[in-house]
Amino acid sequence: MFEFPQFSKHSVKNDVLSGLTVALALVPEAVAFAFVAGVDPMVGLYAAFIVGLITSIFGGRPGMISGATGAMAVVMVSLVATHGVQYLFAAIMLAGLLQISAGLFKLGKFIRMVPHPVMIGFVNGLAIVIFLAQLGQFKAPDISGALTWLPQDQMVLMLGLVALTMGIIHFLPKLTTAVPSSLVAIVTVTLLVQGLGLDTRTVVDFLRSMSGDMNATLAGSLPEFSIPAVPLTFETLQIILPYAIILAAIGLIESLLTLTVLDEMTNTRGQSNRECVGQGLANVTCSVFGAMGGCAMIGQSMINVNSGGRGRLSGIVAAVALLMFILFAAALIEMIPLAALVGVMFMVVIGTFEWATFKLARRVPKQDFFVIVLVTVVTVLTDLAVAVAVGVIVSALMFAWEHAKHIYASSNVNAEGSKEYHVNGPIFFGSAANFLELFDAKNDPEDVIVDFANSRVTDHSAIEAIETLAERYAAVGKTLHLRHLSLIVVRFCKSRQSRRNQRERRS
């Protein structure tokens, strides 16, 4: 199932440079998500390194970036607050095992069943979420500790640096594609801020404002191996199992949907079941090295792909570079202006959002456009897993409702005086009621033939509807003939009729 990644010479440069770009952008997000989950920043940074490295090697989508994510962090916070971080590590281990099981049982293929409107809504919703998350960088704590918008002079400076970053990313590829424009933008804006001594917030300022510790730093050591310190009891399982199931589901849904988006962008095809196993291995490893776990990140994956990173090496470089920053270059990373990283993420938002959505309102069926808007809104207001579930359910119900209208029957009286009904369209739970309304048992002749040659009986509700139809004709003393039904349906109807006759005789 696994093979060690092979690197082609022409892609090494692009993968290395794009990996470095991603590593720089990973730092503040990993820190932010750690605070969301209520754990130490290093727990988030270690997760970004471990998840990113393992999924890049063993995952099913070259070029996809994984790490600590907000979707999983919001689930973790209540577990950490109630039972402590060790229970979180235990839940991450169990979630990882569930994800591995999903891959081994080949459940990843079911992500292909997600309707395209749900995919568009997912992408648009995440783009809006990424955008809204960046707005927090324009705020700083006041004397009371509450976050307020930056003073006017700092706000103007930060907006200017954001605009400069976005301008470099947009226009540099028109001149050269030798290096990723995002990396050039981050380095240029950092050198400008440090060279001119501009007063703007940096990565270390963000870390200290989030933690409330004015001496906080990104410098750290290698993660240490440690089994989660929780009692091996049934009570522990009861505590962590609900969280593990939710974390596993959210992680797989976000990862597999991101995989599908990158498949469409790169015109390639990832391996969904292998990705499930890769994500599971990464989370199990996180649990024994004091990391919070994670899944695929669409924002960082977009940065990687747009910067030219298409191979597994890009993810490996991003993960290893992040660890090197923590161990040896924390001071350099801490001086990166937040404006540069915000500018990069704003360009990700622009590239991620499906702007053609507005044109789709006139081109696609209204129900599909409704699903797009619904999934987008639910993603922003709740979380990805809920949005996708709602989108799939609503799409399925609307599909059933639409196809329920497609059943009809033509009728005629043959030479023998029997009335023939020729049923057209599928019979299923949505159309069963409409199917029964096609017939008039009271006014039909004594002998009736129903021909199913142009129909299809798809579920148990359809069989029940046919059985009900037979009972209606029997109740008025008329003979009903069913043609072109499968043997399974006929045997089921006969079996039901036989059991009914036995009950009547006993009574």
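Structure report, in brief. (Residues numbered from 1 in each chain as written. Predicted model: local features only at pLDDT ≥ 70, side-chain atom pairs only at ≥ 80, totals over all residues. Heavy atoms only, no water.)

**A short note on empty space enclosed by the protein**
Rolled over the atoms, a probe with the dimensions of a water molecule shows which regions are left empty.
Step number 1: This structure, assessed with the given rule, holds two cavities of 30 Å³ or more.
Step number 2: Reported here for the largest cavity is a volume of approximately 40 Å³.
Step number 3: Looking at the largest cavity, the residues that line it are Val 27, Leu 45, Leu 218, Leu 322, Phe 325, Ile 326, Ala 330 and Ile 333.
Step number 4: At the level of elements, helix H12 (312–328) and helix H13 (330–334) are the ones that each hand at least two residues to the lining of the largest cavity. (1 Å grid on protein atoms, 1.4 Å probe; cavity = no way out; pocket = protein on both sides within 12 Å on 5 of 7 lines; lining within 4 Å. Points joined across faces, edges and corners; volume = space filled by probe spheres on them. Helix = DSSP H or I, 4+ residues; strand = E, 2+ residues; numbered from the N terminus.)

**Notes on the pairing of strand E6 (residues 419–427)**
Step number 1: For E6, a buried count of seven out of nine residues is recorded, marking the element as mostly surrounded by other parts of the structure.
Step number 2: Examined bridge by bridge, strand E5 (residues 408–413) and E6 share six bridges and lie antiparallel to one another. Paired with Ser 410 across the bridge in E6 is His 422.
Step number 3: Here E5 folds back onto E6 in antiparallel fashion, the turn holding five residues, of which Gly 417 has a positive phi close to 90°.
Step number 4: In the sheet, E6 pairs with strand E7 (residues 447–457) via eight bridges, with the strands oriented parallel. The residue of E7 that forms the bridge with Glu 420 is Ile 449. (Buried < 20%, exposed > 50% of the residue type's maximum accessible area, 1.4 Å probe, protein only. Pairing = 2+ DSSP bridges.)

**Here's the deal with the pairing of strand E8 (residues 479–483)**
Step number 1: Two elements, E7 and E8, share five bridges in a ladder whose sense is parallel. Within the sheet, the bridge partner assigned to Val 450 lies in E8 and is Leu 482.
Step number 2: For the handedness criterion, the β-α-β arrangement of E7, helix H19 (residues 460–475) and E8 is classed as right-handed. (Right-handed = clockwise from strand over helix to strand, strands pointing away.)

**Focus on a nonpolar patch on the surface**
Step number 1: A grouping of Leu 98, Phe 234, Leu 237, Leu 241 and Ile 245 is seen on the molecular surface, where their side chains present a nonpolar patch of about 430 Å² in accessible area.
Step number 2: At four residues, helix H9 (residues 234–266) tops the list of elements feeding residues into the nonpolar patch.
Step number 3: Within the secondary structure, Leu 241 sits in helix H9. (Patch = residues over 30% accessible without salt bridge, like charges linked within 9 Å, V, L, I, M, F, W, Y side chains within 5 Å. Areas by Shrake-Rupley, 256 points an atom, 1.4 Å probe, with all protein chains shown as cover. Salt bridge = Lys/Arg side-chain N within 4 Å of Asp/Glu carboxyl O.)

**Some remarks on the sheet that holds E6**
Step number 1: In space, the four strands of this open sheet follow the order E5-E6-E7-E8, with mixed pairing throughout. Sheet topology places E5 and E8 at the edges, where each strand pairs with a single neighbour. Put simply, the sheet's adjacent strands are angled 20° from each other on average, direction ignored.
Step number 2: Relative to the sheet, H19 contacts E6, E7 and E8, its axis offset from that of E7 by approximately 175°. (Axes fitted to C-alpha atoms, helices over the stretch in contact; angles between N-to-C directions. Contact = heavy atoms within 4.5 Å.)

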